[in-house]
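Here is how the chains run, residue by residue.
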Amino acid sequence: RSYEYIEVSEPRPGVGQVTLNRPKALNALCSPLIAELNTALRSFQASPTVAAVVLTGSERAFAAGADIKEMAPLTFSEAYTNSFIESWSELTTALKKPLVAAVSGHALGGGCELALMADVLYCTASANFGQPEIRLGTIPGAGGSQRLTRAVGKSKAMELILTGKSFSGEEAERWGVAARVFPSYEALMEGALGTAETIAGYSKVAVQAAKEVVNKSQDLPLRDGVEYERRLFHALFGSQDQKIGMKAFAEKKKAEWSHQ
Ligand code: HXC
């Protein structure tokens, strides 16, 4: 199917890509764009040929935020009764396959929050992150106050969210927001697609379990998280791929995954 605000492709074996494509508004995240993004991720989740997904924007902008023009006239009761922004959370539940965000240019407000929802965040050194909502008389609304705080700690998150000041890709990497920083957009895309391809080469069962347990660390107290991990680790002894992987190691062969 074709989309108005995004492009989808399968650029590498096992890798799906979503490119935000609303250049006139620097990929401002209007509601129809988020609906398309959810649809695309759901279809990658269902696809037998896609095992990992890369989400990117343009070189100039990953996304400059939620659509300010759409939000400006909203009333409290409209936002509340329509659960405005709640559908963004589907991004984190619809896709059980790993999502790598490749961020170049502006990633502001909702754009920064969208990037923080990814499983792995890569960016260019000159990327421009920030939560500027305070300048608009509001606050982050898609998890920024929670995810940014978990990533950089309370004091730095407070400073960023209370001043609205942006931070660079270089800083994002240094503070642990980004896993890796790249000197150019081309290098960024190469890195993101390469990592997605690496992940796509492993057992789908193990990859889904790995993503699930790491995400639990964000929600559960340590003792419960460790127990959750151990339960799933035990469960994987019931998979064929655990036998295939360990047998291949012993025989010094490359594992041929059954994905069972
Ligand atoms: C709607 C936007 C937009 C946005 C940019 N545009 N950001 N439209 N919503 N968030 C539009 C501009 O209006 C302009 O349209 C076009 O994109 C190009 O932008 P310019 O400002 O002309 O570009 P430039 O001078 O290069 O400045 C880039 C910029 C600036 C620094 C990123 O656009 C900017 O400050 N944007 C807003 C960033 C922001 O505050 N984001 C947080 C939003 S609040 P025209 O028609 O004039 O050409 C938010 C809340 C999240 O995200 C909570 C829930 C998710």
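Residues numbered from 1 in each chain as written. Predicted model: local features only at pLDDT ≥ 70, side-chain atom pairs only at ≥ 80, totals over all residues. Heavy atoms only, no water.

Engineer: Lay out the sheet that holds strand β3 (residues 52-56) in plain terms, naming residues and giving numbers.
Structural biologist: Pairing is mixed across the open sheet formed by 6 strands, whose spatial order is β1-β2-β3-β5-β7-β10. The strands lining the two open edges of the sheet, one partner per strand, are β1 (6-12) and β10 (180-182). The sheet shows a mean angle of 20° between the axes of neighbouring strands, taken without regard to direction. Inspection of the sheet shows β1 paired to strand β2 (residues 15-20) by 5 bridges, in the antiparallel sense. Paired with arginine 12 across the strands is valine 15, a residue of β2. Contacts from helix α9 (residues 185-200) reach β1, β2, β3, β5 (99-103), β7 (120-124) and β10, with the element oriented near 160° to β3. (Pairing = 2+ DSSP bridges. Helix = DSSP H or I, 4+ residues; strand = E, 2+ residues; numbered from the N terminus. Axes fitted to C-alpha atoms, helices over the stretch in contact; angles between N-to-C directions. Contact = heavy atoms within 4.5 Å.)

Engineer: If you had to explain the pattern of salt bridges to someone new, which residues and values would you point to?
Structural biologist: The final tally for this structure, using the stated rule, is 8 salt bridges. The salt bridge partner of arginine 12 is glutamate 190, with a shortest N-O separation of 3.1 Å. Placement of arginine 12 in strand β1 and of glutamate 190 in helix α9 is noted, with a sequence separation of 178 residues between them. Judged by its relative accessible area of 48%, glutamate 190 falls in the partly exposed class. Arginine 42 is the salt-bridge partner of glutamate 90, the closest N and O atoms lying 2.4 Å from each other. Residue glutamate 90 is found in helix α4 (residues 90-94), and its partner arginine 42 is found in helix α1 (residues 31-46); the two are separated by 48 residues along the sequence. (Salt bridge = Lys/Arg side-chain N within 4 Å of Asp/Glu carboxyl O. Buried < 20%, exposed > 50% of the residue type's maximum accessible area, 1.4 Å probe, protein only.)

Engineer: Explain the site of the ligand to me, and be specific about the residues and the numbers.
Structural biologist: Surrounding the ligand, one finds 24 residues, the nearest of these being Arg60, Ala64, Ala66, Ile68 and Gly110. Note that an oxygen atom of the ligand is positioned 2.8 Å from one of the backbone N or O atoms of alanine 66. Taking glycine 110, its main chain carries an N or O atom lying 2.8 Å from an oxygen atom of the ligand. Looking at which element gives the most residues to the shell around the ligand, the answer is helix α2 (residues 68-71), with 3 residues. By residue class, the composition of the shell around the ligand is 13 nonpolar, 5 polar and 6 charged. (Near = heavy atom within 4 Å. Polar contact = N/O pair within 3.5 Å; in protein donor to acceptor, adjacent residues only side chain to side chain. Nonpolar A, V, L, I, M, F, W, Y, C, P; charged D, E, K, R; others polar.)

Engineer: Outline the packing of aromatic side chains, supporting the account with residue identities and numerical values.
Structural biologist: Enumeration over the complete set of coordinates arrives at 5 aromatic pairs. With a centroid separation of 5.2 Å and an interplanar angle of 75°, the aromatic rings of phenylalanine 233 and phenylalanine 237 are classed as edge-to-face. Owing to a relative accessible area of 49%, phenylalanine 233 belongs among the partly exposed residues under this scheme. With relative accessibility at 39%, the residue phenylalanine 237 sits in the partly exposed group. Through a chain of ring-to-ring contacts, the aromatic side chains of Phe129, Phe167 and Trp175 assemble into a single cluster. (Phe/Tyr/Trp six-rings, centres within 6.5 Å; stacked < 30°, edge-to-face > 60°.)

Engineer: I'd like a description of the side chain of aspartate 67, backed by residues and values.
Structural biologist: Its location among the elements puts aspartate 67 in the loop between β4 (61-63) and α2. Looking at aspartate 67, the relative accessible area reads 10%, which means it is buried. Polar contacts involving the side chain of aspartate 67 include one to the side chain of arginine 22, which spans 2.8 Å. There is a polar contact of 2.9 Å between the side chain of aspartate 67 and the backbone nitrogen of lysine 69. Apart from the residues lying within four places of it in its own chain, the contact partners of aspartate 67 are Arg22, Ala28, Leu29 and Cys30.

Engineer: Before we move on, can you summarise the nonpolar core with the specific residues and values?
Structural biologist: By size, the foremost hydrophobic cluster in this structure holds 47 residues, and its most contacted members are Val18, Phe62, Val103 and Phe129. Per-element tally for this core: the top contributor is α1, with 6 residues. Every residue in contact with valine 103, bar those within four places of it in the chain, is listed here: Phe62, Ala115, Leu121, Tyr122, Cys123, Thr124, Ala127, Phe129 and Leu188. Val100, Phe182, Ala196 and Val207 belong to the second-largest nonpolar core, a separate cluster that totals 15 residues. (Core = buried A, V, L, I, M, F, W, Y, C linked by side-chain atoms within 4.5 Å.)

Engineer: Can you break down the packing of helix α6 (residues 144-152) against helix α7 (residues 154-163) residue by residue, with the values?
Structural biologist: Two elements in contact, α6 and α7, have axes whose closest approach is 7 Å; the angle formed by their N-to-C orientations is 135°. Viewed along their axes, α6 and α7 adopt a mutual orientation that is oblique. Judged by the sense of rotation from one axis to the other, the crossing of α6 with α7 is right-handed. Across the interface between the two elements, Gly144, Ser145, Leu148, Thr149 and Val152 of α6 pack against Lys154, Lys156, Ala157, Leu160 and Ile161 of α7. Considered class by class, the residues forming the contact of α6 with α7 number 5 nonpolar, 3 polar and 2 charged. (Parallel < 35°, antiparallel > 145°, perpendicular 65-115°, else oblique. Left-handed = near helix turned anticlockwise from the far one by under 90°.)

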